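Fold and geometry: a report
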Amino acid sequence: MAYWTVQDISNSDWIRWSDEGNELLVLSMAKLIKVCGSTAKKPESFMKNFSDYGFKLLSDGRCKEPQEDGRYWIRLKHEFFKKDQFDIINMVKRHSPKKRVSAVSSI
């Protein structure tokens, strides 16, 4: 859903590609949560979902230097989430949680 939302240029006031097309820039996380139909109550929970799928948070919108348009965008990156490369999006996969091995003592 996020891919088609960022591809739609009518949304570029709040979500867009970086100039290089390899980063997702989000100004309104609340709008993205709504568009994606997420049940996340907090933006932090929604951001964790991006992390679970291997996205790297490059900037959380609180950076000291604004983007070229003067606004503070949230910047996310994934090696398989790129502008005009829908054919590789199926490589974006949820990371399974690491299994914990507990020490069991025998008596």
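Residues numbered from 1 in each chain as written. Predicted model: local features only at pLDDT ≥ 70, side-chain atom pairs only at ≥ 80, totals over all residues. Heavy atoms only, no water.

Here we look at the packing of aromatic side chains
Applying the stated criterion across every chain, the model contains 9 aromatic pairs. Here Y3 and W4 contribute two aromatic rings whose centre-to-centre distance is 5.2 Å and whose plane-to-plane angle is 90°, an arrangement assigned as edge-to-face. Y3 gets classed as buried once you look at its relative accessible area, which sits at 3%. Look at W4 and you get partly exposed, because its relative accessible area is 48%. (Phe/Tyr/Trp six-rings, centres within 6.5 Å; stacked < 30°, edge-to-face > 60°. Buried < 20%, exposed > 50% of the residue type's maximum accessible area, 1.4 Å probe, protein only.)

Overview of the nonpolar core
Counting residues in hydrophobic clusters, the biggest one holds 19 residues, and the most contacted among them are L24, M29, L32 and F50. Elements with a contribution of two residues or more to this core: α1 (2–7), β1 (15–17), β2 (23–26), α2 (29–36), α3 (43–52) and β4 (74–77). Excluding anything up to four places from it in sequence, F50 contacts L24, L32, F55 and L76. (Core = buried A, V, L, I, M, F, W, Y, C linked by side-chain atoms within 4.5 Å. Helix = DSSP H or I, 4+ residues; strand = E, 2+ residues; numbered from the N terminus. Contact = heavy atoms within 4.5 Å.)

What about α3?
The complete set of buried residues in α3 reads F46, M47, F50 and D52. Taken together, the buried residues of α3 touch β2, α2, β3 (56–60) and β4. Where α3 ends, the next residue or the one after it, G54, has phi of about 90°, a positive value.

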